Amino acid sequence: MTNLFKTAAIAAILGVASPALAQDIIVVSHGQANDPFWSVVKNGVDTAAEHTGANVDYRAPETFDMVAMSQLIDAAVNQEPDGLVVSIPDGDALGPSIERAVAAGIPVISMNSGSDVAADLGVSLHVGQSEFDAGKAAGEKLAEMGGTSAICVNHEVGNVALDLRCSGFEEGFGGAVAVLPTGNDPAEIESKVAAAIASDDGVDTVMALGAGLAGEPAVAAVQASGRDIRVASFDLSANFLQSIVDGEAAFAIDQQQFLQGYLPVAFLAMTAEYGLMPGGDVPSGPNLVTADKAAQVIELSAQGIR
């Protein structure tokens, strides 16, 4: 009995699905190594690789650099993988490289960012959330809670997905919104949020775009100010969820990034083996996590799943 048939037989005995042949799938994201959000995405990628038996290589530039990211995509295309997963924070910059992959006959799925441009680039489907709609829902909720003047903390300037979040937030909020550009250093973010609220007594709302990177520093800045300012954030972290439970933050917007890493790999493995592909985009969010739900997901967040 060949090794292939032995593997299939063992999988059948164990009741575990195993690909007939190991597929080669490459994932290229824009995620920064110091951003806890992306460690959860990678956990999803790694888990899908384990479940499907695919050979998965996860790659990302060291900084938010679209030139470097496009080069990573080009290098992946040259390897002729069975599937390619990409995030698309800037469709103009990454579009030619993605279109080259599609033209080469490589199935491409986008995740996290790029829902607004993926189809035009020939991407098979997108796993993520509508960033504008998610921002709008957050703005509407914070306005309902009494917010009238807000800052939207953008920690990755140039990422179209984050721009859409702030734009959607502004539309949903209806009041005054100022975008606060920062880097991705939590200490810098805390300092800039503190300065922004100190310079404007009218600010009563802070919208952060990443819980671990910006939401937690925003909470710290607001707590140090002693003012009654609502803080909300996109995405989850164990500490930010605890702030919601403790009444220091209003809510978080969960886009279930574990699924954004897991599902594209699983879909591409099925495509390579069976020719199966879902017929449309898969919305992984948004879901508002408020105080009544936050405690339930703190442990999962600490484990790198939520």
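Keep in mind that this is a model prediction, so the values were computed, not measured. (Residues numbered from 1 in each chain as written. Predicted model: local features only at pLDDT ≥ 70, side-chain atom pairs only at ≥ 80, totals over all residues. Heavy atoms only, no water.)

The next thing to look at is the sheet that holds strand β8 (residues 205-208). Strands sit in the order β7-β6-β8-β9-β10-β12 across an open sheet of six strands; the sheet is mixed. Of all the strands in the sheet, just β7 (176-181) and β12 (287-289) have a single pairing partner and so form its edges. Neighbour-to-neighbour, the strand axes of this sheet turn through a mean angle of 20°, independent of strand direction. Here six bridges tie strand β6 (residues 149-154) to β7, and the two strands are oriented parallel to one another. Directly across from I151, in β7, lies its bridge partner A178. (Pairing = 2+ DSSP bridges. Helix = DSSP H or I, 4+ residues; strand = E, 2+ residues; numbered from the N terminus. Axes fitted to C-alpha atoms, helices over the stretch in contact; angles between N-to-C directions.)

By the burial criterion, the buried members of helix α9 (residues 238-245) are F240, L241, S243 and I244. One face of α9 carries all of its buried residues, which in axial projection span an arc of 155°. As for α9, its buried residues are in contact with α8 (211-225), β9 (230-234), β10 (251-254), β12 and α11 (291-302). Directly after α9, the chain includes G247, whose backbone phi takes a positive value near 85°. (Buried < 20%, exposed > 50% of the residue type's maximum accessible area, 1.4 Å probe, protein only. Arc of directions from axis to C-beta. Contact = heavy atoms within 4.5 Å.)

Counting through the fold element by element, V231 comes out in strand β9. When sequence neighbours within four positions are dropped, the list of residues in contact with V231 reads V206, G215, A218, V219, V222, F240, E248, A249, A250 and F251.

Here the focus is empty space enclosed by the protein. A water-sized probe rolled over the atoms picks out the places where empty space is left. Summed over all chains, the structure comprises two cavities of 30 Å³ or more. Contributing to the lining of the largest cavity are 17 residues, with F37, W38, L162, R165 and D235 lying nearest its centre. A per-class count over the lining of the largest cavity returns six nonpolar, six polar and five charged. Roughly 40 Å³ of volume is contained in the second largest cavity. Lining the second largest cavity are I88, S113, G114, S115, D116, E131, V160, A161 and L164. (1 Å grid on protein atoms, 1.4 Å probe; cavity = no way out; pocket = protein on both sides within 12 Å on 5 of 7 lines; lining within 4 Å. Points joined across faces, edges and corners; volume = space filled by probe spheres on them. Nonpolar A, V, L, I, M, F, W, Y, C, P; charged D, E, K, R; others polar.)

Looking now at the nonpolar core. If you look at the biggest cluster of nonpolar residues, it comprises 28 residues, and the most contacted ones within it are I151, V206, F240 and L241. Per-element tally for this core: the top contributor is α8, with six residues. Contacts of F240, omitting those with residues within four sequence positions, involve A211, G215, E216, V219, V231, A232, S233, A249, F251 and A252. Among the nonpolar cores identified, the runner-up in size contains 23 residues, and V27, M111, V127 and L268 belong to it. (Core = buried A, V, L, I, M, F, W, Y, C linked by side-chain atoms within 4.5 Å.)

With respect to the helices and strands, the residue T290 is situated in the loop between β12 and α11. Only 2.4 Å separates the side chain of T290 from the side chain of D292, close enough to count as a polar contact. Look past the residues within four positions of T290 in its chain and what remains in contact with it is I244, A250 and F251. (Polar contact = N/O pair within 3.5 Å; in protein donor to acceptor, adjacent residues only side chain to side chain.)

Counted by the stated rule, this structure contains nine salt bridges. R59 is paired through a salt bridge with D57; the nearest N and O atoms lie 2.8 Å apart. Overall, R59 belongs to the buried group, its relative accessible area being 17%. Between R165 and D235 there is a salt bridge, with the nearest N and O atoms lying 3.9 Å from each other. Here D235 lies in the loop between β9 and α9 and R165 lies in helix α6 (residues 160-173), a separation of 70 residues in the sequence. (Salt bridge = Lys/Arg side-chain N within 4 Å of Asp/Glu carboxyl O.)

The geometry of an aromatic ring pair is captured by two quantities: the separation of the ring centres and the angle between the planes. In total, this model carries three aromatic pairs according to the counting rule given. With a centroid separation of 5.2 Å and 20° between ring planes, the pair formed by F169 and F173 is classed as stacked. Here the residue F169 and the residue F173 both occupy positions in helix α6, the gap between them amounting to four residues, near one helical turn. Arranged with centres 6.2 Å apart and planes meeting at 15°, the rings of F258 and Y262 form a pair that is stacked. Of this pair, F258 and Y262 both sit in helix α10 (residues 257-274), four residues apart, which is roughly one turn of the helix. Judged by relative accessible area, F258 falls into the buried class, the value being 17%. (Phe/Tyr/Trp six-rings, centres within 6.5 Å; stacked < 30°, edge-to-face > 60°.)

Look at any regular strand and the pattern is simple: side chains alternate between the two faces of the sheet. Burial of strand β3 (residues 83-86) is two-sided: the residues G83 and V85 facing one way and the residues L84 and V86 facing the other way are all buried. Taken together, the four bridges between strand β1 (residues 24-28) and β3 define a ladder with parallel strand orientation. The residue of β3 that forms the bridge with V27 is V85. In this structure, β3 lies alongside strand β4 (residues 108-112), joined through three bridges in parallel fashion. Bridging from a neighbouring strand, V85 pairs with I109 of β4. As a crossover connection, the stretch from β3 through helix α4 (residues 91-103) into β4 is right-handed. (Right-handed = clockwise from strand over helix to strand, strands pointing away.)

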